[in-house]
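Architecture and fold: a report
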Amino acid sequence: MASIRARVWLDDGVPRFPELGLDDVQSRPSTGLCLSGGGTRATCAAIGYLRGLLELGLIERLRYTSAVSGGSWASIPFSFWQTGASDDRELLGPILPPQELDHARLTAELPPAYLGAAATLSFRDSLFDDICELKPGRAWVRAVAETFLQRYGLYGPNTPRSPVLSVGARDEILARQEPPETSSALTADDFVVARPNRPFPIVSACLLGPDAGNNLVRLDPVSLQFTPLYVGSLPAHEITYAYRRGDGLRRSVGGGLIEPFALGGPGPRELSGASGQTLTLARPPGLDQLALALGSSSCAYASAIHAIPELNTSSGRVPCLDYWPPRRGQVPASEAWELGDGGTIDNYGLLPLLQRELETIIVLVNTKQQLSVDWTPGHGSYQPHIDPYLPPLFGVHEERASIRLDRNQVFPSAEFAELVADLQAAKRGGGPVIAVREHEVLDNAWWGIRGARKVRVAWVYLDRVARFEALLPKSTQAAVEAGNARIAVGPCQRFPNYETIGANALSLVRFTPLQVRLLANLCTWTVLDQRELFEELL
């Protein structure tokens, strides 16, 4: 069997992430951008925000991007695109002032190089075609990759590749392989190199549990972070997975990171020695890392099906990965694990950046829930009033099916009401709904987050913006109002907080050119309107 030589990094009790030893990462300001989940709504919003930051020359002042689900549908192409666009401006599309967003401009066909055009493709048709020949989990991954990666040279079903941070990093990996001249050796064609001068990209999915072909009684998801340098989860956990058929499986999860090209194969019998050591491992079967990251991070149905009795004995129903946890001592054998949407545990991508102890974080909350300006925290359920992923970060938690947020408190509960008041004041003021707060960070053992420090967070909440809407042509203003009436009608239904699933009849996540342009240009306008704030943050 062919072998490879790959590096592993092990949990030493305090998360130490290997990219912080790289000059290209460490030399950037201690800042990060969270591209939240939310299907194609989050994709289009992320495109708009990235376009605004590019216009202001601020992309290179970000150390990290951290993306989840629909946010990763924008972040991975932006971080790695190889073909399909001539430059970043063509990829992210032209900036259109709100005054020019009339019906003719909004409904015109989108240029094929524009990343937003992927949101208008029929993901549903791709999924149904693929599911005829593949198990559902593999069909999902392929359909996502065909929709959002293929046109940018990042996916081919017969050409699996692993991401790598730079040409130099790729060449170092190839140089350490022994012997390099054999026919089964890794080559440059096995890798896709990240774009230069980009923030270090993180895409979050989660490990749901062993693929036992049976539904879990309780979700115990663990973060699985994909990067060009490594894949894994540093905090180590011991979890008993309880299945509805009555048995339980005790498993070790997390505890280390491994280079992406080594993912999906058998591990060593035991590990000792220093973090960052190089191991000789059996070469895993071809695994398209970007497709797996994109597909698993956005597989929202993966956790939901555990509550559906009719799917109680289905194996391969969600994306799967042959996984072994890198950790000192005896290493559990590799086995198939079910993967799920990163939003099952953190829909913002904020917690990975708190693990890395950044000083300033911009969180793009690309939610479908408009903010209620007349709600007071502590008075009734928060779920009809604010995005449900925000309160648990402050220890304010309500049970919800198919997601697990009760382990996410990282800020004091007393700071939640203050943040909500700031967001509500911004919305009443008619401008972008943004609040910048300095939060105390609390210890969180589950996530491996150290407290006793401060972090500055800019919360950018997707919502209606009166000043932007006032600049739109009268016909577009009327369409936005009709789309937000008690009985929503017309092409702008629920703008900008479009439904995640089924925003348009007979579609899953497909948007129209009008929906894409209007949302992306709102988000670009937000960055440009708040230029002084974003320049000060970064």
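As a reminder, the structure under discussion sits directly above these lines.
Quantities reported herein were computed from a predicted structural model and do not represent experimental measurements.

The next point concerns the side chain of Arg 63. Among the structural elements, Arg 63 can be located in the loop between helix H2 (39–55) and strand S3 (64–68). Summary of buried charges: Arg 63 has no salt-bridge partner, and the nearest side chain of opposite charge, Glu 359, is 7.1 Å away. Reaching out from Arg 63, the side chain makes a polar contact with the backbone oxygen of Gln 26 at a distance of 3.3 Å. Filtering out sequence-adjacent residues up to four positions away, Arg 63 remains in contact with Leu 20, Val 25, Gln 26, Arg 28, Pro 29, Ser 30, Thr 31, Pro 199, Phe 200 and Leu 358.

Counted according to the given criterion, the structure contains 20 aromatic pairs. Between Trp 375 and Phe 416, the aromatic rings sit 6.3 Å apart at their centres with planes inclined by 65°, giving edge-to-face as the arrangement. Linking Trp 375 in the loop between strand S15 (360–365) and helix H12 (414–428) with Phe 416 in helix H12, this pair joins segments that are 41 residues apart in sequence. Among the residues examined, Trp 375 registers a relative accessible area of 5% and is labelled buried. Classification of Phe 416 as buried rests on a relative accessible area of 3%.

So, about the nonpolar core. In terms of nonpolar packing, the biggest core is built from 173 residues, with Leu 350, Leu 390, Leu 393, Phe 411, Trp 459 and Leu 518 touching the most fellow members. If you tally residues by element for this core, the top one is helix H15 (residues 513–529), at nine residues. Not counting chain neighbours up to four residues away, the residues in contact with Leu 390 comprise Tyr 348, Phe 416, Leu 419, Leu 423 and Trp 459.

Our focus in this paragraph is the pattern of salt bridges. What the rule picks out here adds up to 27 salt bridges. In this structure, Asp 220 engages Arg 404 in a salt bridge whose closest nitrogen and oxygen atoms are separated by 3.1 Å. Of this pair, Asp 220 sits in the loop between strand S6 (200–210) and strand S7 (222–226) while Arg 404 sits in the loop between S15 and H12, and the two are 184 residues apart along the sequence. When the shortest N-O distance is used, the salt bridge between Arg 456 and Glu 536 registers 2.8 Å. Placement of the pair is Arg 456 in strand S17 (residues 453–461) and Glu 536 in helix H16 (residues 531–537), with a sequence separation of 80 residues. On the accessibility criterion, Arg 456 (23% relative accessible area) is partly exposed. Classification of Glu 536 by relative accessible area gives partly exposed; the value is 48%. Overlapping salt bridges, with partners in common, bring together Arg 218, Asp 220, Arg 404, Asp 406 and Arg 407 in one network.

Reading the values: rules and limits
Residues numbered from 1 in each chain as written. Predicted model: local features only at pLDDT ≥ 70, side-chain atom pairs only at ≥ 80, totals over all residues. Heavy atoms only, no water. Helix = DSSP H or I, 4+ residues; strand = E, 2+ residues; numbered from the N terminus. Buried < 20%, exposed > 50% of the residue type's maximum accessible area, 1.4 Å probe, protein only. Lys, Arg positive; Asp, Glu negative; His and termini not counted. Salt bridge = Lys/Arg side-chain N within 4 Å of Asp/Glu carboxyl O. Polar contact = N/O pair within 3.5 Å; in protein donor to acceptor, adjacent residues only side chain to side chain. Contact = heavy atoms within 4.5 Å. Phe/Tyr/Trp six-rings, centres within 6.5 Å; stacked < 30°, edge-to-face > 60°. Core = buried A, V, L, I, M, F, W, Y, C linked by side-chain atoms within 4.5 Å.

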